[in-house]
Amino acid sequence: MQSNDAESVKRTAEFLEAKIGREHMVAYDADPVESAVERVYGLAQEATPLGRAVRDAVAIVEESLKQHRPEEICVGFNGGKDCSAVLHLYHAVLQKVQPQAKIKVLYIVNKQPFDETEAFIRKAAVRYDMEMVTMNGPIRKCLEELRHLHPEVKAVVMGQRSTDPRSADMRPLQMTDPDWPQFLRVSPILHWSYGHVWAFIRSLFLPYCSLYDRGYTSLGGQAETRPNPHLRTTDQLGNVVYRPAYLLDDEHLERDGRIESKI
């Protein structure tokens with residue numbers, strides 16, 4: 001609600017509360033980045049499944065900052081929902097333990113990135129005042145380049161979850177494989193579910209890429225990413241539309257909009 005007349009806003013709020021019910025209303029946070037420490041740590045104290053998941057994730061990030069200085073850590077960020085949640089978690093913990101430190105982010109550009117994803121990343125860079133390191137190419141090549149250009153970096157915070165391909169046996173704090181450039185992989189949300197991610201994002205009013213509101217549930221490049229068919233529906237005019245990603249009922253279907261590469 002917005003008005004130049006405070007009394008009008010008050011009357012409208014009272015009307016909506018009477019019609020909808022206070023239990024169905026939430027206090028919108030217009031600047032979740034500014035309130036990150038209070039909101040994230042407050043959520044971590046809640047005796048709920050999401051609260052416990054956030055508490056565990058915060059502890060993992062805190063441990064990584066005990067092992068390494070902020071300048072030795074970068075956050076892997078590609079504009080997706082998982083790394084958006086991780087970026088906010090890391091920001092909250094960093095603001096609590098070392099509020100003057102700057103977030104360093106590694107962005108590995110996808111082949112044929114969506115314009116919406118690129119726009120969201122640019123806005124996030126400003127929102128979190130990030131130091132962006134942008135690279136192109138396969139992940140291994142980019143990590144080798146990162147090691148060469150930024151030898152101070154020792155750890156990479158990732159949005160990987162155990163349901164992602166080749167991630168079931170990972171640990172939240174684990175070195176890269178011996179034949180890869182050596183970094184500590186920090187995976188705070190490794191054991192989060194799809195529902196945890198969206199509950200975290202929506203309960204804290206975090207911005208996210210607009211593609212998720214158009215039925216995309218797992219983002220890659222344009223060539224291998226489509227809206228999730230399980231979110232397909234029709235509007236009142238019979239047009240095909242897609243429901244938002246957070247309405248996907250079965251999280252096992254999360255990647256059903258991805259066209260897996262045969263290469």
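Up top is the structure.
Caption draft 1: Quick peek at the overall build of the protein chain. When helices and strands are counted, the protein chain shows seven helices and eight strands. For 263 residues, the compact-globule estimate of 2.2 N^0.38 gives 18 Å, and the protein chain sits close to it at 20 Å. Oriented by its inertia axes, the alpha-carbon framework of the protein chain measures out at about 60 × 45 × 35 Å. Counting over 263 residues, the protein chain shows a buried share of 44%.

Caption draft 2: Broad picture of empty space enclosed by the protein. With the rule as written, the count across this model stands at one cavity of 30 Å³ or more. In this structure, the largest cavity encloses a volume near 50 Å³. What lines the largest cavity is Phe77, Ser84, Leu87, Phe120, Ala124, Arg127, Tyr128, Leu206 and Pro207. Those elements that place two or more of their residues in the lining of the largest cavity are helix H4 (81-97) and helix H5 (115-127). Here the element with the most residues in the lining of the largest cavity is H5; it accounts for three residues. For the lining of the largest cavity, the residue count by class is seven nonpolar, one polar and one charged.

Caption draft 3: Here's a closer look at the pattern of salt bridges. Using the criterion set out here, one finds twelve salt bridges in the structure. Here arginine 69 and glutamate 71 are joined by a salt bridge, their closest N and O atoms 2.7 Å apart. Across the salt bridge formed by lysine 81 and aspartate 82, the nearest N and O atoms sit 3.8 Å from each other. In this structure, a network of salt bridges that share partners links the residues Lys81, Asp82, Arg161 and Glu254.

Caption draft 4: Region of the structure containing the nonpolar core. Residues Val54, Phe77, Leu89, Tyr90, Trp192 and Phe200 are the most contacted members of the largest nonpolar core, which totals 58 residues. Ranked by the residues each element gives to this core, the list is headed by H4, at nine residues. Leave out the neighbours within four places in its chain, and phenylalanine 200 touches Val40, Leu43, Leu50, Val54, Ala85, His88, Leu89, Trp192 and Leu206. Grouped together as the second largest cluster of nonpolar side chains are 13 residues, Cys74, Val133, Met170 and Phe183 included.

Caption draft 5: Just the pairing of strand E2 (residues 104-109), in detail. Of all the six residues making up E2, five are buried; the element is thus mostly covered by neighbouring parts of the structure. Of the crossover connections in this fold, the one passing from strand E1 (residues 73-76) over H4 to the parallel E2 is right-handed. With six bridges connecting them, E2 and strand E3 (residues 131-136) associate as parallel partners. Along E3, the bridge assignment pairs valine 105 with methionine 132. Crossover connection from E2 via H5 to parallel E3: handedness right-handed.

Caption draft 6: How the structure looks around the side chain of lysine 81. Along the polypeptide, lysine 81 turns up in helix H4. Assessed through its relative accessible area of 3%, lysine 81 is described here as buried. Within the local environment of lysine 81, its side chain forms a polar contact with the backbone oxygen of threonine 217, the two atoms lying 2.9 Å apart. When residues no more than four places from it in sequence are discounted, the contact partners of lysine 81 are Arg161, Tyr194, Val197, Trp198, Ile201, Tyr212, Thr217, Ser218 and Glu254.

Here is what the cut-offs are and how they apply
In this numbering scheme, every chain counts its residues from 1 along its sequence in written order. Local features in this predicted model are restricted to residues of pLDDT 70 or higher, and side-chain atom pairs are both shown and tallied only at a pLDDT of 80 or more, whereas totals for entire chains, interfaces and linings draw on every residue. Working from all heavy atoms in the structure, the side-chain values ignore hydrogens and water. Starting at the N terminus, helices and strands are each numbered in turn, a helix being any DSSP run of H or I of at least four residues and a strand any DSSP run of E of at least two. The quantity called the radius of gyration is restricted to C-alpha atoms. Its globule counterpart is 2.2 Å times the number of residues to the power 0.38. Each residue is placed in one exposure class: buried if its accessible area under a 1.4 Å probe, protein chains only, is under 20% of its type's maximum, exposed if it is over 50%, and partly exposed if it falls in between. Using a 1 Å grid laid over the protein atoms alone, points where a 1.4 Å probe fits but cannot get out form a cavity; open sets with protein on both sides within 12 Å along at least 5 of 7 lines form a pocket; any residue with an atom within 4 Å of a point counts as lining. Grid points are joined across faces, edges and corners, and a volume is the space filled by probe spheres set on the points. All residues other than Ala, Val, Leu, Ile, Met, Phe, Trp, Tyr, Cys, Pro, Asp, Glu, Lys and Arg, Gly among them, are scored as polar; the first ten of these are nonpolar and the last four charged. By convention in these notes, a salt bridge is any Lys or Arg side-chain nitrogen within 4 Å of a carboxyl oxygen on Asp or Glu. Put simply, buried Ala, Val, Leu, Ile, Met, Phe, Trp, Tyr and Cys residues joined by side-chain atoms within 4.5 Å make one nonpolar core. The contact rule is simple, with two residues in contact once any of their heavy atoms fall within 4.5 Å. When the strands point away from the viewer and the path from the first strand over the helix to the second turns clockwise, the crossover is right-handed. At least two bridges found by DSSP between two strands are what make those strands a pair. The term polar contact refers here to a pair of N or O atoms within 3.5 Å; inside protein, the definition further demands a hydrogen-donor-capable atom paired with an acceptor-capable atom, and it admits residues adjacent in sequence only when both atoms are side-chain atoms.

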